[in-house]
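# Examination of the molecular architecture
So the chains spell out like this:
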Amino acid sequence: MAELYHCPDQKKIQNLKDVANKLRILSIKCTNAAGSGHPTSCCSMAELTSVLFFHTMKYKVSDPRDASSDRFVLSKGHSAPILYAAWCMAGLFSEDELMQLRKLGNDLEGHPTPRLNFVDVATGSLGQGLSCSAGMAYTGKYLDKGSYRVFCLMGDGESAEGSVMEAANFAGYYKLDNLVGIIDINRLGQSDPTSLQHEMDVYQKRWESYGWNAIVVDGHDIEAICRAYFDAEQAKGRPTMILAKTYKGKGIPGVENEMNWHGKALGAKADDAIAAIEAQMVDKNVSGEKLNTQVVVDDVKPVDPSAIVLSEKPSYAADAKEATRKAYGLALAKLGRSSDRVVALDGDTKNSTFAITFQKEFPDRFVECFIAEQNMLGVGMGCATRDRTVAFASAFACFLSRGYDQIRMGAISQTKLKMAGSHVGVSIGEDGPSQMALEDLAMFRAINNCTVFYPSDAVSCERAVELCANTPNMCYIRTSRPATSILYGADEVFEAGKGKVVKQTASDFCLLIGAGVTLHECLKAHETLKAEGINTRVFDPFCIKPLDVQGIIANAKACNGNIVTIEDHYPEGGLGEAVLSAVAMETGIRVQRLAVTGLPRSGPSAALMEMFGVSAKQVVEAVKKF
């Protein structure tokens, strides 16, 4: 039976109105102090923020990342000043601190990041907050089974992003009734009005078509907003989107609902604006502390910080051949047996990435994200927030490039999401160039604080997955389609940033460095050259970032300073360039790089590798050039 709605009394309504106006004033003051920012974008969402933070949400000021508290994501990250002002008014920090907005060394930056203990994910690149929120809500409903709810406030401009529609579809499909979206429909974008402006009926129909409970509300009416948030809580079996008709710069004479004020501090207009807003207030010194009487329900269990290990060692016959993509799925299932925090996500490629192995064993911890890679990455980041899960997301590596902006923002979010990309390089064969990831190493190497693993056999792949689970930052594992020989024993120890010498003699002429399928081409070349009286050393980097710089330099010097690198990747940004960077300051070291050149085509794997210059034959030729 639905709970009956009780409208707040008039004193509470007036308090919330005064808080909204105080939030406006603080946003104007701190952006003026900074000399930059987005006060008009803050002013349009003041009432929405006031009711949310001081009447509706359940949270602990003493512990903003409390596991059982409601979550809030400000997807329109440029409105950060009003988010900071809300926490200031809640008592987390002083107004003096708020006035340090955008100052060098202060964590109240231009857009929110998790440097702040009340921010879970970085925002500012628009259109990503709803996916992250959906991941948090999915975790709350299906994994934590907690009472907490997730609120995501977006701008109307960003709702045109495709990733928002992907998130809308995901949340509707999974009936995330603990998710409340709010769109601040203030009509004006940065340089032009938005495409729909105030066509509220169109917004409503669109969100209803995705299976959402869509509520149109006057975004400056405190009583109406209180009712909308209440109705959102009562709606079961579907998420709610509150569509708030607002005005940019609300309350500022000569600025409200006018173009060309986006991203500008008010400057000389600030004093008059503040005076006009204060004239609407009953209590100019209103405090937000103790105004919110909602109590957090502490029903989420604490995180187990123990290391997560493979439930059993890798087990392969010495003469076996296995694809690293298959080993990825097997290792993931082994981790799942060891910890119920491990979850897997995939974008309808699970029978190719072998995430299906995990799904079969742990269907309740597998999230099918369908063909929507941007949203999958955002959902995965949401799942990983507050360390509620250890989340692994997989897809064909080439399709992860579609979500590069999400990955870039994930680094700013300090996410611990783990990603696995399969079907890399020309070695995938007949599927052709659209399916061949030849840029993914460059992409992930460029991401701050991202560990990049490139295992060359099933054993090292299983260990890479295990290392990822225990690495406190973003990780990427590059897996291959072809089955390759087993190189390592079950007890071999692997470390991030440490490579392995696979073949060597006391009189090696050249160091061969390959990874994945090309390491096996190095081994073939090693045997061919050995038969001709030329000794070579074969090095498996295992981890491309951080790279085993000292190991490469030491082994190169033991091989007359000669290095040949070979990679199933374009020359730019891959293994070869990583090695070149490693030896850049070393004298007496020469590097020949073999990489895929030109636009690939369909064909047998081995034939393509030879055609595009990454086979054992080309390694032999390169060594002889030395």
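Residues numbered from 1 in each chain as written. Predicted model: local features only at pLDDT ≥ 70, side-chain atom pairs only at ≥ 80, totals over all residues. Heavy atoms only, no water.

Take the domain arrangement of the protein chain next. Accessible area lost upon the coming together of the parts serves often as the stated size of an interface. Looking at the assigned domains, one finds that the protein chain contains domain 1 (11-279), domain 2 (321-485) and domain 3 (501-624). Averaged C-alpha coordinates put domain 2 and domain 3 at centres separated by 25 Å. In this complex, domain 2 contributes 36 residues to the contact, which on the side of domain 3 involves 32 residues. Between domain 2 and domain 3, roughly 2500 Å² of surface is buried when both sides are summed, and carbon and sulfur atoms account for 61% of that area. Taken together, the links from domain 2 to domain 3 amount to zero salt bridges. Remark: the boundary between domain 2 and domain 3 carries 21 residue pairs in polar contact (both at pLDDT 80 or more). Counting only elements with at least two residues in the side of domain 2 that touches domain 3, the list comes to helix H17 (440-445), strand E11 (450-453), helix H18 (458-469) and strand E13 (483-485). At five residues, H17 tops the list of elements feeding residues into the side of domain 2 that touches domain 3. (Domains from an automatic or database assignment. Contact = heavy atoms within 4.5 Å. Buried area = accessible area lost by both parts, 1.4 Å probe. Salt bridge = Lys/Arg side-chain N within 4 Å of Asp/Glu carboxyl O. Polar contact = N/O pair within 3.5 Å; in protein donor to acceptor, adjacent residues only side chain to side chain. Helix = DSSP H or I, 4+ residues; strand = E, 2+ residues; numbered from the N terminus.)

Turning our attention to the side chain of aspartate 144. In this fold, aspartate 144 is placed in helix H6 (residues 129-144). Accessibility expressed as a relative area gives 17% for aspartate 144, which makes it buried. Within the structure, aspartate 144 has its side chain in polar contact with the side chain of arginine 388 (distance 3.1 Å). (Buried < 20%, exposed > 50% of the residue type's maximum accessible area, 1.4 Å probe, protein only.)

The next point concerns helix H9 (residues 222-234). Along its 13 residues, H9 runs 19 Å from first to last C-alpha, staying within 8% of the 18 Å computed at 1.5 Å per residue. Among all positions of H9, only Ile222, Ile225, Cys226, Ala228, Tyr229, Phe230 and Ala232 are buried. Of the surrounding secondary structure, the elements contacted by the buried residues of H9 are helix H1 (10-34), helix H3 (46-56), strand E3 (179-185), strand E4 (213-218) and strand E5 (240-245). (Expected span 1.5 Å × (residues − 1).)

In this section: the nonpolar core. In terms of nonpolar packing, the biggest core is built from 81 residues, with Leu130 and Trp207 touching the most fellow members. Setting aside anything within four residues of it in sequence, one finds leucine 130 in contact with Ser75, Cys152, Met154, Val164, Ala167, Ala168, Leu179, Trp207, Trp212 and Met241. (Core = buried A, V, L, I, M, F, W, Y, C linked by side-chain atoms within 4.5 Å.)

The next thing to look at is the packing of aromatic side chains. The relative placement of two aromatic rings is captured by the distance of their centres and the angle of their planes. Following the criterion strictly, the structure yields 23 aromatic pairs and no others. Of the aromatic side chains, those joined through ring pairs into one cluster are Phe53, Phe54, Tyr59, Phe72, Tyr84, Trp87, Phe93 and Phe118. If you follow arginine 71 out to its NZ or CZ, it ends over the ring of tyrosine 148, 3.7 Å from the centre. Across from the ring centre of phenylalanine 494, 4.9 Å away, lies the NZ or CZ of lysine 500, which sits over that ring. (Phe/Tyr/Trp six-rings, centres within 6.5 Å; stacked < 30°, edge-to-face > 60°. Lys NZ or Arg CZ within 6 Å of the ring centre and 35° of its normal.)

Under the counting rule described, the total for this entry stands at 32 salt bridges. Arginine 227 serves as the salt-bridge partner of aspartate 231, at 2.9 Å between the closest nitrogen and oxygen. Placement of both aspartate 231 and arginine 227 in helix H9 is noted, with a separation of four residues, approximately one turn of the helix. Residue glutamate 610 is joined to lysine 617 by a salt bridge in which the shortest nitrogen-to-oxygen separation is 3.6 Å. The class of glutamate 610 is partly exposed, set by a relative accessible area of 37%. The partly exposed category is assigned to lysine 617, whose relative accessible area is 46%. Each of the salt bridges in this network shares a partner with another, and the network as a whole consists of Lys60, Asp66 and Asp298.

Attention now goes to the UniProt feature "domain: Transketolase-like pyrimidine-binding" (unreviewed entry) in the protein chain. As annotated in UniProt, the feature "domain: Transketolase-like pyrimidine-binding" (unreviewed entry) corresponds to residues 322-486 in the numbering used here. Taken end to end, residues 322-486 has its terminal C-alpha atoms 7 Å apart, with 41% of it in helix and 21% in strand. (UniProt positions renumbered as here; feature names shortened; annotations may be inferred.)

Moving on, we get to the packing of H1 against H3. When two helices pack together, their arrangement is given by the angle between their axes and by how far apart the axes lie. Two elements in contact, H1 and H3, have axes whose closest approach is 8 Å; the angle formed by their N-to-C orientations is 120 degrees. Accordingly, the angle class assigned to the pair H1 and H3 is oblique. Crossing handedness for the pair H1 and H3: right-handed. For the pair H1 and H3, the contacting residues are Lys12, Leu16, Val19, Ala20, Leu23 and Arg24 in the first and Ala46, Glu47, Thr49, Ser50, Val51, Phe54 and His55 in the second. (Axes fitted to C-alpha atoms, helices over the stretch in contact; angles between N-to-C directions. Parallel < 35°, antiparallel > 145°, perpendicular 65-115°, else oblique. Left-handed = near helix turned anticlockwise from the far one by under 90°.)

It is worth spelling out the layout of surface pockets at this point. In this model, the largest pocket occupies a volume close to 510 Å³. As for the largest pocket, its lining consists of 24 residues, of which Lys58, Arg149, Phe230, Glu233 and Gln234 are closest to the centre. Among the secondary structure elements, those contributing two or more residues to the lining of the largest pocket are H3, H6 and H9. The element that contributes the greatest number of residues to the lining of the largest pocket is H9, accounting for five residues. Here the lining of the largest pocket is built from residues that sort into seven nonpolar, nine polar and eight charged. The space that makes up the second largest pocket amounts to roughly 450 Å³. If you trace the second largest pocket, you find 22 residues lining it, with Leu143, Lys301, Asp340, Arg341 and Arg388 closest to the centre. The element contributing the most residues to the lining of the second largest pocket is H6, with four residues. Split by residue class, the lining of the second largest pocket holds nine nonpolar, four polar and nine charged. (1 Å grid on protein atoms, 1.4 Å probe; cavity = no way out; pocket = protein on both sides within 12 Å on 5 of 7 lines; lining within 4 Å. Points joined across faces, edges and corners; volume = space filled by probe spheres on them. Nonpolar A, V, L, I, M, F, W, Y, C, P; charged D, E, K, R; others polar.)

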